[in-house]
Amino acid sequence: MNEDKDKFNLITQPWIPCRMIGGSPSKIEYYGIEQTLIKAHEISEIIGDNPLVTISLHRLLLAVLYRCYGSLSYNGEWQQVWQKGDGQFDAILVKGYLYNECYGVKRINIFDRFYLFHNDYSFYQDKNTVAPSEGKNYSAKLFFHDEGSALFFEHRVPAETSLAPAEAARLLIAFQSFDVRGTKTPEPGQKQKGISSSPLLFAAVGLAKGRNLFETLMLNLYWDDTDFFKDHQQQKDFPVWEREGEFNAEPRVPVGYLDLLTWQSRRLKLFRRKGEETVSQFVIMAGEKWPGDFKTKDQDSKGDEGQPRFKRESKEPMIAFKKRKETGYQPVNFQAGRMLWRDSQAIFQKVKDQDDGHGHSMLLLNWLTNLAALGAIENDREIPLDFLGMITKDASPLFWRHERLPLPVRYLNNEDLMDELEEALRLAEDAARFLVGSVRRFVLQILLPESLGNNRAYFRPLPNPTEEQTAEKLQLKLEKDNPKKGLTKIINARVEAFSPGTHYWPRLENEFRLLLLGLARDLNSWPQQRERWQKAVKRAAETAMQEVISGTADSTRTLRAAAIAQGWFEGKFYKRCDNYLLGVGTDDEPDDADTADDNDELEDEA
């Protein structure tokens, strides 16, 4: 072994945690990159230290596979690998890439580029970072190692804390994609300055799951007929371990998909104490950025210094995007208090504005649609979609999330089925708005002076929209004119304290999954499915209302207020159900704070 190389090489050393097919769910086997790919058909799934590590490991393995196989189009090349032999990756091709010296701009030793500690090419690290500061504790700690920790690398931990090389390697990869914004170590002679968040932080990153790891990786091996996804065959696009040259601080757009998959948003360096194998110190510095950086609210037209922004919605297959009027495409993200299944229609749908050349809101679904259309995957198959990511607030991680949505393949090419799902979700969202409205009327009846009850029309479910708007405007005027200042805010705060949504939405999650699968399995059962869903929505709302009421004092006034509020809800809900049960769509969009797109908890990078 050369003196400038450490023995820990990610190709051969065990560091990727895998659950084996037929094995105990609690037993985890560890493999290097080589054996993980060669044994992929024997591995059920990769189980990372947390969801961020899990999805980051998949993206790394995808980048390696693109170099092993090149671009596999859906015009027969992908099918040959999918169907060949016992459904496994070709060990000769895998080893041929990992051990050969014939890739990149010049001949390089690929194996050498996967050493975790190397004088010139430490994996996913920059040799030109500054040294860790003396007297400061830079102990590395995995975020979510314990319930009280919410950081990848925590600076305030005991000095003896250290990481084994395998664990440090997993965190290193995830950190490049999910680090929060903030102040990092500056360049020598420069002042500290804040840097923006890593590229996947504000997204629910999707992964199509197969019956084993081989199928999972193959289903996510996206291809389309654009230069961005096939330039690596023309020796233009490379993963970071094949690149040469020093770090360039100027903004640039990713050359291609391999560049994007292995993007280095941070310049990192791991350090060990002399004579020790474990990682005890690290340095984090500003890394690469693209025009517009990874901001979420200002990518509508231009990026840094007037450069056209990087249109990630047409380059990132594993993220679904919503198109908003003011900010253009933004990633579907996790939000505190909002389960992702409520956005399933936005995830599954096709983008109606075809001028963008976008297809589905999530490019990965375009890929699966083409595979299904060519018969490469069964039309009646249900593919689980895992979504992984994190919720942050004010540059601080709150908690990570891992949610799974079942995806019947039929949804990909059946617009009527997609419309049916959209209407079901709209009914649930409308019922949620009606529930909030009924709780507000309950609050008004039990807490406020009788003078505010003079607007009797406000407490009746009026059939005429014009009369309803008039009653609502009058109610706001009465509240504004009341001697008690800030009365409307007081009312809304009390409604928020009751938190009706937290009582309502969890009750619909399992029901929605049954609906999602049921609509696809039997296209003739839609009337029965609508009726079942309508009853489930009503039951969830009524139960939520009962739980709100049970938290108040039992009195004649409370009972009267509850009766008025429930009567208002039922009138609104049953009127809304008339069209839904008949299969007639509505163009009404939800407009309350709980459902509006603008309420998405995207971090402000300004």
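Refer to the structure printed above.
Before going into details, it helps to say that this report is about the structure given with it. (Residues numbered from 1 in each chain as written. Predicted model: local features only at pLDDT ≥ 70, side-chain atom pairs only at ≥ 80, totals over all residues. Heavy atoms only, no water.)

**Examining unusual backbone geometry**
Note on backbone geometry: most residues besides glycine have negative phi, and most peptide bonds are trans. Its identity as a non-glycine residue notwithstanding, Tyr 124 has a phi of 60 degrees, on the positive side. Under the relative-accessibility criterion, Tyr 124 is labelled buried at 6%. In this model, Ser 499 sits at a positive phi of 50 degrees, which is unusual for a non-glycine residue. Of note, Ser 499 is situated in the loop between helix 12 (487–498) and helix 13 (500–504). (Buried < 20%, exposed > 50% of the residue type's maximum accessible area, 1.4 Å probe, protein only. Helix = DSSP H or I, 4+ residues; strand = E, 2+ residues; numbered from the N terminus.)

**What about helix 11 (residues 465–481)?**
The terminal C-alpha atoms of helix 11 lie 24 Å apart, and with 17 residues this matches the ideal 24 Å at 1.5 Å per residue to within 8%. Listed as buried for helix 11 are Glu 468, Ala 471, Gln 475 and Glu 479. For helix 11, the buried positions fall inside an angular range of 70 degrees around the axis, keeping them on one side. Residues Thr 466, Lys 473 and Lys 480 are exposed on helix 11 and point more than 90 degrees away from its buried face. Buried positions along helix 11 lie against helix 10 (415–447), helix 12 and helix 16 (556–581). Near the N-terminus of helix 11, the side chain that reaches the backbone nitrogen of Thr 466, with its oxygen 2.8 Å away, is that of Asn 464. (Expected span 1.5 Å × (residues − 1). Arc of directions from axis to C-beta. Contact = heavy atoms within 4.5 Å. Polar contact = N/O pair within 3.5 Å; in protein donor to acceptor, adjacent residues only side chain to side chain.)

**Re the packing of helix 10 against helix 12**
Running from amino to carboxyl end, helix 10 crosses helix 12 at an angle of 120 degrees, the nearest separation of the two axes being 9 Å. Taken together, the axes of helix 10 and helix 12 are oblique relative to one another. For helix 10 against helix 12, the interelement crossing comes out right-handed. Of helix 12, the residues touching helix 10 (which contributes Val 436, Val 439, Arg 440, Val 443, Leu 444 and Leu 447) are Thr 488, Ile 491, Asn 492, Arg 494, Val 495 and Phe 498. Grouping the amino acids of the contact of helix 10 with helix 12 by side-chain chemistry returns eight nonpolar, two polar and two charged. (Axes fitted to C-alpha atoms, helices over the stretch in contact; angles between N-to-C directions. Parallel < 35°, antiparallel > 145°, perpendicular 65-115°, else oblique. Left-handed = near helix turned anticlockwise from the far one by under 90°. Nonpolar A, V, L, I, M, F, W, Y, C, P; charged D, E, K, R; others polar.)

**Regarding the packing of helix 2 (residues 51–69) against helix 4 (residues 91–99)**
At their nearest, the axes of helix 2 and helix 4 sit 9 Å apart, and the two run at 100 degrees to each other. Comparing their axes, helix 4 and helix 2 come out roughly perpendicular. Along its contact with helix 2, which presents Val 64, Arg 67, Cys 68 and Tyr 69, the element helix 4 presents Leu 93, Val 94, Tyr 97 and Leu 98. Grouping the amino acids of the contact of helix 2 with helix 4 by side-chain chemistry returns seven nonpolar, no polar and one charged.

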